[in-house]
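# Overview (structure and organization)
Spelled out from the first residue to the last, the chains are:
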Amino acid sequence: MRTGAGRPGWHVKAEHCRSVDVRRLQREGLLRPGTSTRWAWTDRDTGGQVASIGLRGGDGHLALVYTLNGADRHQRVPVERTRCTFGGTRAWFNCPRCAKRVALLYLRASGFACRDCQRLTYASRSDDAISRTWRRQAKLEARLGKHWQRPKGMHRRTRERLLKGIFECEEQRDDALASHL
């Protein structure tokens with residue numbers, strides 16, 4: 001039994017779906033008309049290829065060619081650009097279903113669409129209280145050096161504040177365990 005659980009954990013998680021990121025495509029110059037490439041998604045554990053997709057940049061759109069459930073699929077996704085404050089432009093996908101401006105499109109049975117249209121949620125939204133303390137502690141520890149040492153350039157007060165946060169996380173878990181027992 002999970003005590004103090006957050007939102008229900010039965011929604012499909014965005015982290016478990018294949019996605020296409022417009023920021024990465026722009027960084028690699030793949031949104032220009034006439035450019036094309038092929039991506040492969042790999043299994044984190046084995047390193048083997050699990051899926052692939054062909055991408056072709058067009059004028060104001062991106063063409064996606066992929067196989068889904070054994071069937072070849074073609075999808076054209078509009079790409080919109082907005083001006084940045086200090087010059088240049090930022091690229092965005094327009095969701096093929098709702099036309100909302102997004103940076104990521106996720107693949108499910110109906111093709112690529114935004115997180116809302118695919119009814120996806122983040123794994124962190126279904127964490128219980130104990131999982132949240134573990135996640136918070138990991139973030140605090142990542143800011144410190146090896147063996148919780150103070151990295152070069154970090155103020156001593158900052159390190160003390162981070163250590164205090166780590167100890168609070170441990171205390172919260174201890175209190176939750178004591179109340180559960």
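Check the entry above for the structure.
Residues numbered from 1 in each chain as written. Predicted model: local features only at pLDDT ≥ 70, side-chain atom pairs only at ≥ 80, totals over all residues. Heavy atoms only, no water.

## Looking at the overall build of the protein chain
When helices and strands are counted, the protein chain shows three helices and nine strands. In sequence order, the protein chain lays out its α and β elements as β-α-β-β-β-β-β-β-β-β-α-α. Over its C-alpha atoms the protein chain spans a radius of gyration of 22 Å, topping by over 25% the 16 Å that the globule rule assigns to 181 residues. Oriented by its inertia axes, the alpha-carbon framework of the protein chain measures out at about 60 × 45 × 35 Å. Every one of the 181 residues in the protein chain was classed for burial, and the buried ones make up 33%. Of the contacts formed within the protein chain by residues at least 6 apart in sequence, a portion of 40% connects residues at least 24 apart. Of note, the protein chain has its 37 positive side-chain charges centred 7 Å away from the centre of its 18 negative side-chain charges. (Helix = DSSP H or I, 4+ residues; strand = E, 2+ residues; numbered from the N terminus. Rg over C-alpha atoms; globule rule 2.2 N^0.38 Å. Buried < 20%, exposed > 50% of the residue type's maximum accessible area, 1.4 Å probe, protein only. Contact = heavy atoms within 4.5 Å. Lys, Arg positive; Asp, Glu negative; His and termini not counted. Charge placed at Lys NZ, Arg CZ, Asp CG, Glu CD.)

## Notes on the layout of surface pockets
Considered as a void within the structure, the largest pocket measures approximately 480 Å³ in volume. Along the wall of the largest pocket there are 15 residues; nearest its centre are Glu15, Cys17, Ser19, Trp41 and Arg44. Where the lining of the largest pocket is concerned, the elements lending two or more residues are β1 (18-21), β2 (36-42) and β8 (104-108). Tallying contributions element by element places β2 first for the lining of the largest pocket, with four residues. (1 Å grid on protein atoms, 1.4 Å probe; cavity = no way out; pocket = protein on both sides within 12 Å on 5 of 7 lines; lining within 4 Å. Points joined across faces, edges and corners; volume = space filled by probe spheres on them.)

## A few points about the packing of helix α2 (residues 129-143) against helix α3 (residues 156-180)
At a closest axis distance of 9 Å, the pairing of α2 and α3 adopts a crossing angle of 160°. One way to sum up the angle between α2 and α3 is to call them roughly antiparallel. Read as a crossing pair, α2 and α3 show a hand that is left-handed. Between α2, through Ile130, Thr133, Trp134, Arg136, Gln137, Leu140, Glu141 and Arg143, and α3, the contact on the second element is made entirely by Thr158, Arg161, Leu162, Gly165, Ile166, Glu168, Cys169, Glu170, Gln172, Arg173 and Ala176. Partitioning the contact of α2 with α3 into residue classes produces seven nonpolar, five polar and seven charged. (Axes fitted to C-alpha atoms, helices over the stretch in contact; angles between N-to-C directions. Parallel < 35°, antiparallel > 145°, perpendicular 65-115°, else oblique. Left-handed = near helix turned anticlockwise from the far one by under 90°. Nonpolar A, V, L, I, M, F, W, Y, C, P; charged D, E, K, R; others polar.)

## Quick notes on a negative patch on the surface
On the surface, Glu168, Glu171, Asp174 and Asp175 cluster together into a negatively charged patch. Considering the arrangement of structural elements, one finds Asp174 in helix α3. (Patch = residues over 30% accessible without salt bridge, like charges linked within 9 Å, V, L, I, M, F, W, Y side chains within 5 Å. Areas by Shrake-Rupley, 256 points an atom, 1.4 Å probe, with all protein chains shown as cover. Salt bridge = Lys/Arg side-chain N within 4 Å of Asp/Glu carboxyl O.)

## Looking at the sheet that holds strand β4 (residues 61-68)
Read from one edge to the other, the open sheet built from six strands follows the order β2-β3-β4-β5-β6-β7, with strand pairing classed as antiparallel. Each of the sheet's edge strands pairs with one partner strand only, and the pair in question is β2 and β7 (101-102). As judged from the five bridges shared by strand β5 (residues 71-83) and strand β6 (residues 89-94), these two strands associate in the antiparallel manner. Along β6, the bridge assignment pairs Val79 with Phe93. (Pairing = 2+ DSSP bridges.)

## Brief notes about the side chain of Thr35
Tracing the backbone shows Thr35 in the loop between α1 (22-27) and β2. Of the polar contacts made by the side chain of Thr35, one reaches the backbone oxygen of Arg32; its length is 2.7 Å. (Polar contact = N/O pair within 3.5 Å; in protein donor to acceptor, adjacent residues only side chain to side chain.)

## Description of the packing of aromatic side chains
In the structure shown here, the tally under the stated rule is two aromatic pairs. Geometrically, the ring pair formed by Tyr66 and Phe112 is edge-to-face, given 5.1 Å between the ring centres and 90° between the ring planes. Within this pair, whereas Tyr66 is found in strand β4, its partner Phe112 is found in strand β9 (residues 111-113), the two being separated by 46 residues in sequence. Of the two residues, Tyr66 and Phe112, neither departs from the other in class, the shared state being buried. Summarising the aromatic geometry, the rings of Trp148 and Phe167 are spaced 6.0 Å apart at their centres and angled 65° between planes, so their arrangement reads as edge-to-face. Separated by 19 residues along the polypeptide, Trp148 in the loop between α2 and α3 and Phe167 in helix α3 bring together distant segments of the chain. (Phe/Tyr/Trp six-rings, centres within 6.5 Å; stacked < 30°, edge-to-face > 60°.)

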